[in-house]
Amino acid sequence: MTAHDLVGYDELDAAIVRLKLGSDASELHGSLCGFLAGGGALGRQSLLAALELEGEGTTPSTQDRVLLDRLASQTRGELADPELGFEPLLPADDRPLSERAEALVEWCRGFLGGFGLAGAGAHAQLSDEAQEILRDLTTIAGSAFDFGDESEDEDALIEVHEFVRMGAMLLFTECQGARRQAGDTLH
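Residues numbered from 1 in each chain as written. Predicted model: local features only at pLDDT ≥ 70, side-chain atom pairs only at ≥ 80, totals over all residues. Heavy atoms only, no water.

The subject of this paragraph is the nonpolar core. With 50 residues, the main nonpolar core has Leu 12, Leu 47, Trp 107, Phe 111 and Leu 171 as its most contacted residues. Those elements that provide at least two residues to this core are helix 1 (9–19), helix 2 (25–37), helix 3 (47–50), helix 4 (62–79), helix 5 (97–117), helix 6 (128–141) and helix 7 (150–183). Filtering out sequence-adjacent residues up to four positions away, Leu 47 remains in contact with Leu 28, Leu 32, Leu 42, Leu 68, Leu 71 and Ala 72. (Core = buried A, V, L, I, M, F, W, Y, C linked by side-chain atoms within 4.5 Å. Buried < 20%, exposed > 50% of the residue type's maximum accessible area, 1.4 Å probe, protein only. Helix = DSSP H or I, 4+ residues; strand = E, 2+ residues; numbered from the N terminus. Contact = heavy atoms within 4.5 Å.)

What follows is about the pattern of salt bridges. Counted according to the given criterion, the structure contains nine salt bridges. A salt bridge links Arg 18 to Asp 64, with the shortest nitrogen-to-oxygen separation between them at 2.4 Å. Separated by 46 residues along the polypeptide, Arg 18 in helix 1 and Asp 64 in helix 4 bring together distant segments of the chain. Residue Arg 109 is joined to Glu 102 by a salt bridge in which the shortest nitrogen-to-oxygen separation is 3.8 Å. Judged by its relative accessible area of 35%, Arg 109 falls in the partly exposed class. The exposure class of Glu 102 is partly exposed, given its relative accessible area of 37%. Three or more residues are tied together by salt bridges with common partners; here these are Asp 10, Arg 95 and Glu 99. (Salt bridge = Lys/Arg side-chain N within 4 Å of Asp/Glu carboxyl O.)

It is the contact of helix 2 with helix 4, at a shortest axis distance of 10 Å, that shows an interaxial angle of 55°. Overall, the two elements helix 2 and helix 4 adopt an arrangement that is oblique. For helix 2 against helix 4, the interelement crossing comes out right-handed. Two secondary-structure elements touch here, helix 2 through Leu 28, His 29, Leu 32, Cys 33 and Leu 36 and helix 4 through Leu 68, Leu 71, Ala 72, Thr 75, Arg 76 and Leu 79. Considered class by class, the residues forming the contact of helix 2 with helix 4 number eight nonpolar, two polar and one charged. (Axes fitted to C-alpha atoms, helices over the stretch in contact; angles between N-to-C directions. Parallel < 35°, antiparallel > 145°, perpendicular 65-115°, else oblique. Left-handed = near helix turned anticlockwise from the far one by under 90°. Nonpolar A, V, L, I, M, F, W, Y, C, P; charged D, E, K, R; others polar.)

Following this line, the structure appears as structure tokens:
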């Protein structure tokens, strides 16, 4: 995928408004990431069906279906990227700090919901580190930010963002490994 083909925050948010999904781009992306990280697979079902969002809004146009399929492919590729290129889909850095912080909270909420939708198969065998990451994501998802010093707040958001980014990739890698082991049977 070229940079031109990548689904951006504003493009996804516009599709969500058209589809009347009642979430934002960060929450939907978080849900998709959590679903994939938790071992979920889309198979032939649509992204909206997998995330149990079908029927909440309008039927997706061909253009919106293509966009959601691109998002799913992009996200899976980024989570599996050996160069650790995954990034949560959030508003641009030039947007207000409060908007970006709230989007990160929404992303974490979505991630936890999607992770739960993926099923409990691999989840029971998560390492202590992975379980701690899930607990920390739960804490972030329940957070409300109190802003004071702009530069300190910006630094704190960068740290939380990096933790979330790396945590999502670790959970994806661990659950994918558990799925592969579960598929390896002796004959």
